Amino acid sequence: MKLKTWFTVAATAVTVFAVQAQEMSTDDIADRIKPIGQVHVAGATADTGAAAGGARSGADIYNSACVACHSAGVLGAPKLNAAADWQPRLDEKGFDGVWQNAINGINAMPPRGTCGDCSDDEIKAAIEYMIEGI
Ligand code: HEC
């Protein structure tokens with residue numbers, strides 16, 4: 001093999017290896033970054049809520065945590081903007097009473113409506129959203 005030919009072969013081989021190595025590491029990096037990125041995004045969302053002191057609106061909380069039961073009245077849940085469902089509760093317990101029951105749970109109503117990361121004020125905002133039309 002002539003020296004020039006050897007160099008060409010060697011250079012080609014190095015290029016091929018380099019490209020392969022690059023592709024492999026790009027895939028590796030993509031695989032490794034993905035879960036980290038997801039965790040980071042989840043953490044950032046939680047941080048934002050906490051830092052802003054309950055930035056999520058009552059509608060946001062209702063639509064993510066409460067709608068499953070309170071839209072159709074599952075298990076007797078008082079329905080969105082249904083005065084007949086809400087007024088007797090408000091008359092009997094007052095707003096603070098139903099708010100406390102939403103935080104602590106009552107009968108089939110789970111504590112915080114299963115929204116574990118909802119602050120007391122976010123639960124309050126969700127209730128206000130549910131009754132603002134009654
Ligand atoms: C798993 C179904 C379910 C989910 C999810 C749920 N609720 Fe309820 N909720 C109920 C039921 C059932 C009742 C009626 C309980 C009773 O009085 O027997 C109720 C009652 C309430 C009451 C009235 C409490 C009282 O003292 O009369 C409030 C306020 C309330 N829910 C708020 C919320 C909020 C806010 C959310 C979302 C963060 C939520 N709920 C999510 C089922 C649910």
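Residues numbered from 1 in each chain as written. Predicted model: local features only at pLDDT ≥ 70, side-chain atom pairs only at ≥ 80, totals over all residues. Heavy atoms only, no water.

A.B. asks: Explain helix α2 (residues 58-70) to me, please; I cannot follow it from the model alone.
C.D. replies: Residue pairs three or four apart in sequence face the same way in an α-helix, which turns once every 3.6 residues. A rise of 1.5 Å per residue sets the reference length of α2, with its 13 residues, at 18 Å; its end C-alpha atoms lie only 13 Å apart and thus fall more than 12% short of the reference. Of all the bends in α2, the greatest, near 55°, is centred on Ser64. Of all the positions in α2, only Gly58, Ile61, Tyr62, Cys66 and His70 are classed as buried. Where α2 is buried, its residues touch α3 (83-104) and α4 (120-131). (Helix = DSSP H or I, 4+ residues; strand = E, 2+ residues; numbered from the N terminus. Expected span 1.5 Å × (residues − 1). Bend = angle between axes of the 7 residues up to and from the residue. Buried < 20%, exposed > 50% of the residue type's maximum accessible area, 1.4 Å probe, protein only. Contact = heavy atoms within 4.5 Å.)

A.B. asks: So what exactly am I meant to see when it comes to α4 here?
C.D. replies: Compared with the 16 Å implied by 1.5 Å per residue over twelve residues, the 17 Å span of α4 between its first and last C-alpha is a close match. The complete set of buried residues in α4 reads Glu122, Ile123, Ala126, Ile127, Met130 and Ile131. Packing partners of the buried residues in α4 comprise α2 and α3.

A.B. asks: What exactly am I supposed to notice about the packing of aromatic side chains here?
C.D. replies: Per the counting criterion, the structure on display carries two aromatic pairs. Ring plane angle 45° and centroid distance 6.4 Å describe the contact between Phe95 and Trp99, whose orientation is recorded as tilted. Of this pair, Phe95 and Trp99 are both found in helix α3, four residues apart, which corresponds to roughly one turn of the helix. Of the residues examined, Phe95 reaches a relative accessible area of 22% and is grouped as partly exposed. Judged by its relative accessible area of 13%, Trp99 falls in the buried class. Its end group placed over the ring of Trp99, Lys124 keeps NZ or CZ at 4.9 Å from the ring centre. (Phe/Tyr/Trp six-rings, centres within 6.5 Å; stacked < 30°, edge-to-face > 60°. Lys NZ or Arg CZ within 6 Å of the ring centre and 35° of its normal.)

A.B. asks: Can you walk me through the site of the ligand in this structure?
C.D. replies: Surveying the vicinity of the ligand reveals 27 residues, the closest of which are Cys66, Cys69, His70, Arg89 and Met109. Structurally, the ligand is housed in the largest pocket. Every element with two or more residues in the shell around the ligand is listed here: α2, α3 and α4. In terms of residue count, the dominant contributor to the shell around the ligand is α3 (six residues). Within the shell around the ligand, the residues separate by chemical class into 19 nonpolar, five polar and three charged. (Near = heavy atom within 4 Å. 1 Å grid on protein atoms, 1.4 Å probe; cavity = no way out; pocket = protein on both sides within 12 Å on 5 of 7 lines; lining within 4 Å. Sits in = over half its atoms within 2 Å of the grid points. Nonpolar A, V, L, I, M, F, W, Y, C, P; charged D, E, K, R; others polar.)

A.B. asks: Looking at this model, I keep getting lost on the nonpolar core. Mind explaining?
C.D. replies: If you look at soluble globular proteins, the nonpolar side chains tend to sit buried side by side. With 16 residues, the main nonpolar core has Cys66, Trp86, Ile123 and Ile127 as its most contacted residues. The greatest single-element share of this core, amounting to six residues, is contributed by α3. For Trp86, the contacting residues outside a window of four places in its chain are His70, Pro78, Lys79, Asn81, Ile127, Met130, Ile131 and Ile134. (Core = buried A, V, L, I, M, F, W, Y, C linked by side-chain atoms within 4.5 Å.)

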